[in-house]
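So you can see what is in the structure, the chains are spelled out below.
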Amino acid sequence: MSKSHFYIKYLAIKALTSLKINNLPSFLFFGMLLLSACTSSRPTTSQKPSTAPISTSKPNTSIAMPEKTSSTSFYNTYELTLQEGKREFRGIWIATVANIDWPRSGMDSWDKQKADFIALLDYYQNLNFNAVIVQIRAAGDAFYPSRFAPWSKYLTGQQGKKPNTTEDPLSWMILQAHHRGMEFHAWLNPYRATFDLAIDQLSPQHDFHKHPDWMIKYGNKYYYNPGIPEVRKHLTNIIQEVVQNYDIDAIHFDDYFYPYKVEKEIFRDQDTYKKFAQGQSLEDWRRHNVNLLIKETQQTIKTHKPWVQFGISPFGVWRNKDKDPNGSNTRAGVTNYDDLFADPITWMKNGWIDYLIPQLYWSMDYSLAAHRELVSWWAKNAHQTKIYIGNSPYKIRNNADKAWDNPREISTQIEFARTFREIAGNAFFSASSFYSKNKDIASLVKDNNYKYKTLTPQFVSKSTNNALPSPKAELQVDQGIPRLFLPYAIDPQYRFAIIYTANHLNQVSQKTEGISFRKIYLNDRNKNLIILDQQDLNQQFLVLTFMDRFGKESKAQVFEILAKP
């Protein structure tokens, strides 16, 4: 009984004692008041106590409670800690340079480009891929509104021309990937300034015109001079702009650092070397320049968003064994360290990158650089960095190495990589290689390697590893539609809800292969109400978890279905 009830009762009794017996109306009034005070505080006995979980989170008062709340009589609910389960990165590169994969043409309407992009995502989602690596900076340009680069001609048909839409293409692409439960890795080429020598087609806003002193012509392209400190600052500003403005999962660089060597040509950075080198050889100075970019890119990313990953897909050979006893048993004509002046081993040892995808674009037993040898070498030299293997479906039935005529070459490579604990997945170059052709091989990969969906690997933040509170939900059915209602605000660090369904709880708790699940992107519209499918209640257990920005799952809330609602 509350204090207010006691006070009302006290007033009623005091009034009654002062009344004469013949004052019947007053007697009845205060008698009713007394009865009300006594009965209003009495608990209702006709309802069973609710079995819905109680949350200690503060309610979000800005969100209206639903008019109907379902009874919990058709289910029991309780908390459960799930095993980690096997995760695997399954990525596809979507190259935009020269319209390799998407858009099909810069002259296409934005609506057609959107339809083509959705078709790509749906295709790879159906193949149980879980990440896209989308090229958003191909050659000093941008697939998004930028303060540092003009619009890409591969998007709009003319460099510097704004797309004919009010939508931000990059924001839209990211959202479409997330709606399908896929990670979006923003792929940028840092040093390539142009794709050819047609400088008359460059926008006045291109760095070729704004900073001609930054450019070096080499072969049939122009490159940013990596040795100029202002260039490095400019490139990290570009990274910062993308990280701050977009909900990406990762920043991704490929293999283009210092350019692949062109016969009888010299990369003319000698004057820059004389100005900035500090006693190093030219080769060591060039590697130092790249190392500084990698280090400062990592610092830029983690300063603004610690959960955004930084990954690189370098050329597949670090060094040949004849140059370095620590190198691989290969005879590659090009190597990272000696020709591209890129040193992935240093990046991994210093913790500057979250993952590495060496481009191992050779067949299993290719004589000069065997895929088998290189997977083993990178696994032994991972230095506590996640390693994914880069595979080359573009070579299928299209290479002098006849091993690529074998339809099972890619499947064999995937299974071989899985035999190494240090290898956590694969990425494939590129999207059109499985989409526009070789669909039979894509089907083989799904049937033999990617039969079931899986989550992408989580990674440990160096800044924080605090466990987030596990949100609690109520299972409801409204007009025949099942839904999960979350009465309290979800921590914004949670980005996805994951719905598992099974007839045996140990299938979920142990994350057995083939367990059915859906990964649902959380946005303003569903952070308090998640609409389920009818079939979600067809099995005995429905299990809800939440995934944070680092890929870590919360404790699970189990809904044991006792009867059809």
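Just so you know, these numbers come straight off a predicted model, no measurement behind them. (Residues numbered from 1 in each chain as written. Predicted model: local features only at pLDDT ≥ 70, side-chain atom pairs only at ≥ 80, totals over all residues. Heavy atoms only, no water.)

Observations regarding the pattern of salt bridges
- Scanning the entire structure with this criterion turns up 30 salt bridges.
- Residue Glu-79 pairs with Lys-472 through a salt bridge whose shortest N-O separation is 3.0 Å. Linking Glu-79 in strand β1 (residues 75-80) with Lys-472 in the loop between α15 (439-448) and β12 (474-478), this pair joins segments that are 393 residues apart in sequence.
- The class of Glu-79 is partly exposed, set by a relative accessible area of 42%.
- Through salt bridges with shared partners, a single network forms among Glu-84, Arg-87, Lys-511 and Glu-553. (Salt bridge = Lys/Arg side-chain N within 4 Å of Asp/Glu carboxyl O. Helix = DSSP H or I, 4+ residues; strand = E, 2+ residues; numbered from the N terminus. Buried < 20%, exposed > 50% of the residue type's maximum accessible area, 1.4 Å probe, protein only.)

Points about the confidence of the model for the protein chain
- Averaged over every residue, the pLDDT of the protein chain is 89; residues scoring 70 or more account for 86%.
- Below pLDDT 50 for its whole length, residues 1-71 participates in 49 contacts with residues either more than four positions away or in separate chains. (pLDDT = per-residue confidence, 0-100. Contact = heavy atoms within 4.5 Å.)

Notes on the sheet that holds β12
- Spatially, the three strands line up as an open sheet ordered β12-β13-β16, and their pairing is antiparallel. The sheet is open, and its two edges are formed by β12 and β16 (529-531), each paired on a single side. Each strand of the sheet is rotated relative to its neighbour by a mean of 30 degrees, with strand direction disregarded.
- In this sheet, strand β13 (residues 481-485) lies alongside β12 in antiparallel orientation, the contact comprising five bridges. Within β13, the residue paired with Val-477 across the bridge is Pro-482. (Pairing = 2+ DSSP bridges. Axes fitted to C-alpha atoms, helices over the stretch in contact; angles between N-to-C directions.)

A few points about the pairing of strand β7 (residues 250-253)
- Burial along β7 is two-sided: the residues Ala-250 and His-252 and Ile-251 and Phe-253 are all buried.
- In this sheet, β7 lies alongside strand β4 (residues 183-188) in parallel orientation, the contact comprising four bridges. From the neighbouring strand, His-185 faces β7, where its bridge partner is Ala-250.
- In the sheet, β7 pairs with strand β8 (residues 309-312) via four bridges, with the strands oriented parallel.

Description of the packing of aromatic side chains
- All chains considered together, the criterion is met by 40 aromatic pairs.
- With a centroid separation of 5.9 Å and an interplanar angle of 70 degrees, the aromatic rings of Tyr-144 and Tyr-246 are classed as edge-to-face. Here Tyr-144 is found in the loop between β3 (131-137) and α4 (153-156), whereas its partner Tyr-246 is found in the loop between α7 (229-245) and β7, with 102 residues between them in sequence. A single burial state applies to Tyr-144 and to Tyr-246, both of which are buried.
- Each ring, one from Trp-318 and one from Tyr-337, has its centre 5.7 Å from the other, and the planes form 65 degrees; the classification is edge-to-face. (Phe/Tyr/Trp six-rings, centres within 6.5 Å; stacked < 30°, edge-to-face > 60°.)

Structural notes on the packing of helix α13 (residues 409-417) against α15
- Where α13 meets α15, the closest approach of the two axes is 9 Å, and the angle between their N-to-C directions is 30 degrees. The angle between the axes of α13 and α15 places the two elements in the roughly parallel class. For the element pair α13 and α15, the recorded crossing hand is right-handed. Taking contact as the criterion, the partners of Ile-410, Ser-411, Ile-414 and Glu-415 in α13 are, on α15, Leu-444, Val-445 and Asn-448.
- Its residues assigned to classes, the contact of α13 with α15 shows four nonpolar, two polar and one charged. (Parallel < 35°, antiparallel > 145°, perpendicular 65-115°, else oblique. Left-handed = near helix turned anticlockwise from the far one by under 90°. Nonpolar A, V, L, I, M, F, W, Y, C, P; charged D, E, K, R; others polar.)

Some thoughts on unusual backbone geometry
- Cis peptide bonds are those with omega within 30 degrees of zero, and the linkage from Trp-102 to Pro-103 qualifies with -15 degrees.
- The topology assignment puts Pro-103 in the loop between β2 (89-94) and α3 (110-126).
- Look at the link from Phe-429 to Ser-430: it is a cis peptide, with omega at -5 degrees.
- Note on placement: Ser-430 falls in the loop between β11 (423-428) and α14 (431-435).
- In this structure, Asn-128 is a non-glycine residue whose phi angle is positive, near 70 degrees.
- Turning to its location among the elements, Asn-128 is positioned in the loop between α3 and β3.
- At Phe-341, a position not held by glycine, the phi torsion is positive, near 55 degrees.
- By secondary structure assignment, the location of Phe-341 is in the loop between α10 (336-340) and α11 (344-349).

Describing α13
- The element α13 is largely enclosed, with a buried count of seven among its nine residues.
- Along α13, the positions that sit buried rather than exposed are Glu-409, Ile-410, Ser-411, Gln-413, Ile-414, Phe-416 and Ala-417.
- Buried residues along α13 sit in contact with α12 (371-380), β10 (386-391), β11, α14 and α15.

Comments concerning the side chain of Asn-391
- With respect to the helices, strands and loops of the structure, Asn-391 is situated in strand β10.
- Within the local environment of Asn-391, its side chain forms a polar contact with the side chain of Asn-426, the two groups lying 2.9 Å apart.
- Among all residues touching Asn-391, those that are not within four sequence positions of it are Tyr-361, His-371, Ile-410, Gln-413, Asn-426, Ala-427, Phe-428 and Phe-429. (Polar contact = N/O pair within 3.5 Å; in protein donor to acceptor, adjacent residues only side chain to side chain.)

A few points about the packing of α7 against helix α9 (residues 282-304)
- At a minimum axis separation of 9 Å, α7 and α9 run at an interaxial angle of 30 degrees. Judged on the interaxial angle alone, α9 and α7 are roughly parallel. Seen from above, α7 lies across α9 with right-handed handedness. Contacts between α7 and α9 involve Arg-232, Leu-235, Thr-236, Ile-239, Gln-240, Val-243 and Gln-244 from the first element and Asn-289, Leu-292, Leu-293, Glu-296, Thr-297, Thr-300, Ile-301 and His-304 from the second.

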